[in-house]
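Per-entry structural report
The residues making up each chain are set out below.
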Amino acid sequence: MSVRAERPTSVPARPEPNRYRSDIQGLRAIASLLVASFHMWFGTVSGGVDLFFVLGGFLLATTLVGELERRGSIRAWQYVKRTATRLFPMAGLVLLVVSVVLLLTAPALSFQRNVTDVFAAATYWENWRLAGDATDYIAAGHDKSAVQHFWAMSVQGQSTLLLLGFVLLLGLIAKVGRWPVRRVATVGFVLLTAASFAYALNGVAVDPVPTYYSTWARLWEFGIGAIAALVITRIHLPKAVRAVIGSVGLLLVLTAGLLPSEWPYPGLIALYPVGGALLVLIAGASGAPTGGNRLLTWKPLVWLGGFSYGLYLWSWPILKLFVDLFPERAEPVSFFDGVILLAVSIAVAWVTSRLLKMVGRVRNPVAQVDASAPKWKPNPRLITSVTVPLVALVAFAGVQIAPQVHEDAIEAIELAPAVDNLDELSAVVAEAAAQPTVPDGTLITGAEARSEEWELDDCVSVASEDALDRCAYGSSDAEREVWLVGDSQAVTWAPGFREALGEDTRLQLMGLSMCPFTSGAALDSIDHYRETCEGHNEWVVDLAAERLPDLVVISYGAWWVGEGYEHLSDDIGVDLGRGSSDYVRELTELGVDVVWLDSVPPTQDLDECMEASTPAQAAGSCETPFGAERQLRADQLAEIMGESGATVVPTASWFCDGVLGVCPSVVAGMPVHSDPTHIGRQYSLYLSKVIGDRVLAPKGF
C-alpha cells in the first residue's frame, strides 16, 4: 500500500542526510536501565517507557515523512515488514522462554491466567487486557504477570500501525491539496498530539489506571517525537545553547522516576520525562554532541543501546524469577541483588541478541561461484516466521484448553468438610487465633485461590444481559431465585451459596467490582466511581422489579479502618448504610426479602504469612487485629441496614475471635483469603452450612 504525494514544483526534491546519532542509542540505553532499575529497587515507574515512545515517534516521522519527500510515496508493507523483523525475534524468544518456565514451574491453577497473558503479549493487546483488569502497574509490585511489561510493546505496535496509516492519510491530503508534505505532516501531528494529550488528561482525571495503558492516551508522546523530527530539530542552535539544553534534558530524564508515584501517568507528570527526551533530541540534532548529549555518546552506553530492546524485555521476567526463587529477598530487592540482576539481564540480552543475529543468517549460495560475494546473508523471514507468530499460535491453543485445565486443578484440591454450624466455626476460629498455623507450603492464595465464578466465568462484574446468563447457577426451571449483589465481595460468596442452595434454586450474581450497593456521599470516597456505581445499582433495582427474586443478599466491602483506607472519613459506615437503605426500601416495597451479609475483614499481606516458618512468625504475620474501630463501622452499617428493612447477618465471628481481637489468616488448615480483601474459594465452601443455617434457612430455603 502506498500513497504518492505531489512534490512542490518550485523546490527540487533532495535526499536528507542519514546521519547516525549515537546519542539516541545512548538515550535508549538510559531508558532501558531506568525501567529495569526502578522495577527492581523502587517498584514504580521511571519515565523510561515514555522515552521509548518519544523516540519511536521521532524515528517513525523521520523515516516515513522523509520517504514521502524523497519518493513521493511510502512503501507501507516494506516498513511494516522491517519493523516486524526488528521487533519479533527478541520478543518471540522472551515469550517462548517465559512460557516454558511457567509451564514447568507454575501451578496448574495459574495456567489460564498465564497462557492468556502470553497470548495477549504475542498478539500485541496486553495493554488492553491490563486496562480491562484495571491492573495498577505503578502499584503492581513483583507479584504480577511475567509478561506484564509487554503492555508497552503492545502500545508501540498499535501506535506504529496507527501512525503509519495517519502518515499515509497526510500524504494523500498533501497530494490532493498540492501542499508541501512536511508542512501538512507537521500540522497533522500537532493536532493529533493535542487531541491525544487532552484525552490523556481527561482519562487520568476520570479513571487513571486503564488510562495508563491506553494507546489513545499515549499517542501524544509519539506525536511529540514526530514534531521534533519534523520541525524542532531542524532549528540550528549555538553550541553553548545545545550544551545547556542537552544537559537539562538528560537531568530531567534521569530524575523523572523520583517524582511522586501517585501522580497519574500519562498526565501532566509525563511532560517531565517527555520534555527531557525532547531537549536531548533538539540538542543533538545540529552539530557534534555536546553537554549532556556527549555523555550519551559514551561508548558503553552506545553499545548497550544496540540491544536495549532486549534488556527491557528480559529484565522483568528475570526479576520475577528471582522473586519466585527467593521471596524473602524481594521486598525490597537489595542494592547488591539488584546490581547482580541488572548484570544478568544485560548479559542475557547481549547473548540473545548475538544469537538471533547468527540464527538470522543463511549461507549465500552465490558465494560458491563468486568469491567476492559474502558467505552469509540475512534471512529475516526465517526468524519472524518462528517467533512471535508461533508463540501466538501455541498460546491460542492453550487458551482454548485453559478453562478445562483450571477446572481440573480446582477439583484436584482437597477441601476440608464444611463446618457444621456457627458454634463449631467459632471454636475453630478461636483455636486458630490462639495458636496461629504455620503454613506448610501447600496453601494456595492469589488468583489461584479465587472462586471459579470469578476466575473462569468472569462474574466479578455483572453489568449486561450476556453476563446475567453467564453468571446464573442452578436449574433454569427453578421456581425460586436468590441474588448476590454488591462489589467484588458478592462473587466471593458464590461457592458457599451454590453449595448451600443446590441445583433446585437459581443463584444470580449481580455484583460490580469496586461498586458497593450504595449511593450518595459514600461513593465520593472512591473518586470517579459514583456515576458508574449508582447507574449499576439502579439497573439492579429496576431488574428486580421485573424478575422479583425471592431473596436479595447484599454484601460489599465495608471500607474498614486500617492501612489503605486512611482517606475515608470516620463516619463512612453511616454514609454507606444511608446510601444502601434507599435501595433496600425499594426492594422490600416490591415484596423482595433482603439480607445484609457483612464481608470478610481485610487481612495483612498474605505473602508474609505464607512464608512464615515458625509459630512466632505466624503469630506476627498470620493474624490481623480486629479492634473497636472496625467493629464500630460494621455496627453502623448493620444498624442502618436493619432500620431500612434488611435482615442483618453479622459475620465478624465467622472470621475473627472477639475475645483476642484478632482475625487469623489460616483456619482449619486453609487460607481464609484469596487476597487481603476477599474470601478464598476453599473458605467460602467451608462456610456453606453456616450460610444455609444463618442466611437461607430463616428465609425458607
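What comes next concerns the included structure. From a predicted model like this one, the values you see are computed outputs, not experimental measurements.

The rules behind the values
- Sequence order as written defines the numbering, with residues in each chain counted from 1.
- Two thresholds apply to this predicted model, a pLDDT of at least 70 for residue-level local features and 80 or more for giving and counting side-chain atom pairs, whereas whole-chain, interface and lining totals are computed over all residues.
- As a rule here, side-chain values cover all heavy atoms of the structure and leave hydrogens and water aside.
- Note on conventions: DSSP H or I runs of at least 4 residues are helices, E runs of at least 2 residues are strands, and numbering of each starts at the N terminus.
- Here a residue-residue contact requires only that any non-hydrogen atoms of the pair lie within 4.5 Å.
- Residue exposure ignores everything except the shown protein chains as possible cover, and the areas themselves are Shrake-Rupley values with a 1.4 Å probe.
- Any pair of Phe, Tyr and Trp rings, taking the six-membered ring for Trp, is counted once the centres come within 6.5 Å. Such a pair is stacked with planes under 30 degrees apart, edge-to-face with planes over 60 apart, and tilted for the rest.
- Buried means the residue's accessible area, taken with a 1.4 Å probe over protein chains only, is under 20% of the maximum for its type, while exposed means over 50%, and partly exposed covers the values in between.
- Criterion used throughout: strands pair if DSSP finds at least two bridges between them.
- Axes here mean lines fitted to C-alpha atoms, for a helix over just the part in contact, with angles spanning 0 to 180 degrees between N-to-C directions.
- Any cysteine sulfur atom paired with another within 2.5 Å is treated as part of a disulfide.
- An angle below 35 degrees is read as roughly parallel, one above 145 as roughly antiparallel, one from 65 to 115 as roughly perpendicular, and any other as oblique.
- Each crossing gets its handedness from the near helix: less than a right angle anticlockwise from the far helix is left-handed, clockwise is right-handed.
- In this analysis, a patch consists of residues with relative accessible area above 30% that form no salt bridge, clustered at 9 Å for like charges and at 5 Å for the nonpolar side chains Val, Leu, Ile, Met, Phe, Trp and Tyr.
- Any carboxyl oxygen of Asp or Glu that lies within 4 Å of a side-chain nitrogen of Lys or Arg is treated as forming a salt bridge with it.
- His is not counted, nor are the chain ends, whereas Lys and Arg count as positive and Asp and Glu as negative.
- By convention, the charge on Lys lies at NZ, on Arg at CZ, on Asp at CG and on Glu at CD.

1. Re the overall build of the chain
- Per the secondary structure count, the chain includes 30 helices and 14 strands.
- For the chain, long-range pairs separated by at least 24 residues make up 80% of all intrachain contacts whose partners lie at least 6 apart in sequence.
- For the chain, the accessible surface area stands at approximately 30900 Å², while carbon and sulfur atoms represent 60% of it.

2. Focus: the packing of aromatic side chains
- One pass over the full model with this rule turns up 20 aromatic pairs.
- Both rings, one in W41 and one in F335, keep their centres 5.7 Å apart while their planes meet at 15°; by these two values the pair is stacked. Within this pair, whereas W41 is found in helix α1 (residues 22-42), its partner F335 is found in helix α15 (residues 335-359), the two being separated by 294 residues in sequence.
- What makes W41 partly exposed here is its relative accessible area of 23%.
- By relative accessible area, F335 is classed as exposed at 64%.
- Each ring, one from F655 and one from Y683, has its centre 5.8 Å from the other, and the planes form 40°; the classification is tilted. Here the residue F655 occupies a position in helix α28 (residues 652-655), and Y683 occupies one in helix α29 (residues 681-686), the gap between them amounting to 28 residues. For the pair F655 and Y683, a shared accessibility class is recorded, and that class is buried.

3. As for the pairing of strand β5 (residues 505-509)
- A large share of β5 lies buried, amounting to 5 of its 5 residues.
- The alternating pattern of β5 places T505, L507 and L509 and R506 and Q508 on opposite faces, both of which are buried.
- In this sheet, β5 lies alongside strand β4 (residues 480-486) in parallel orientation, the contact comprising 5 bridges. In the strand pairing of β5, W483 is matched with Q508.

4. As for the sheet that holds strand β3 (residues 472-473)
- The 6 strands are arranged β3-β5-β4-β6-β7-β9 in an open sheet whose pairing can be described as mixed. The sheet is open, and its two borders are formed by β3 and β9 (647-649), each paired with just one other strand.
- Where β4 meets strand β6 (residues 551-555), 5 bridges bridge the pair, whose relative direction is parallel. What sits directly across from G486, in β6, is S555.
- Packed on one face of the sheet, helix α23 (residues 529-547) meets β4 and β5 and runs near 175° to β4.

5. A word on the state of the cysteines
- By the definition in use, this model includes 3 disulfides.
- A sulfur-sulfur separation of 2.1 Å characterises the disulfide bridge that pairs C515 with C533. Residues C515 and C533 share a disulfide whose torsion about the S-S bond is about -75°; that sign makes it left-handed. Highlighted residues: C515 in the loop between β5 and α23 and C533 in helix α23, separated in sequence by 18 residues.
- Judged by relative accessible area, C515 falls into the buried class, the value being 1%.
- Owing to a relative accessible area of 0%, C533 belongs among the buried residues under this scheme.

6. Remarks on the packing of helix α6 (residues 150-177) against helix α7 (residues 181-206)
- Taken N-terminus to C-terminus, the directions of α6 and α7 make an angle of 135°; their axes are 9 Å apart at the nearest point. If you check the angle between α6 and α7, you find them oblique. When you trace α6 past α7, the crossing you get is right-handed. Across the interface between the two elements, L163, F166, V167, L170, I173 and A174 of α6 pack against V181, V184, A185, G188, F189 and L192 of α7.

7. Digging into the environment of L168
- Considering the arrangement of structural elements, one finds L168 in helix α6.
- When the C-alpha positions of L168 and R75 are compared, they lie 9.9 Å apart, and in sequence the two are 93 residues distant.

8. Digging into a negative patch on the surface
- Taken together, the side chains of E465, D466, D469, E538, D542, E546, E586 and E589 make up a negatively charged region of the molecular surface.
- At the level of secondary structure, the elements contributing two or more residues to the negative patch comprise α20 (465-470), α23 and α24 (572-589).
- E586 gets classed as partly exposed once you look at its relative accessible area, which sits at 38%.

9. Regarding a nonpolar patch on the surface
- Among the surface-exposed residues, V97, V101, L321, L325 and F326 lie close enough to one another that they form a single nonpolar patch of about 390 Å² accessible area.
- Where the nonpolar patch is concerned, the elements lending two or more residues are α3 (76-105) and α14 (308-325).
- Position of L325 relative to the elements: it lies in helix α14.
- What makes L325 exposed here is its relative accessible area of 55%.

10. Thoughts on the pattern of salt bridges
- Applying the stated criterion across every chain, the model contains 13 salt bridges.
- Two residues, K689 and D420, come together in a salt bridge whose shortest N-O distance is 3.1 Å. Highlighted residues: K689 in helix α30 (residues 688-696) and D420 in the loop between α17 (388-412) and α18 (422-434), separated in sequence by 269 residues.
- A residue is classified by how much of its surface remains accessible, and D420, at 40% relative accessible area, is partly exposed.
- When salt bridges that share partners are traced, they join D50, R218 and E221 into one network.

11. A look at the environment of L279
- Among the structural elements, L279 can be located in helix α11 (residues 271-283).
- Considered as a pair, L279 and T233 are 46 residues apart in the sequence and their alpha carbons are 9.4 Å apart.
- Setting aside residues up to four positions removed in sequence, L279 forms contacts with I245, G246, V248, G249 and L252.

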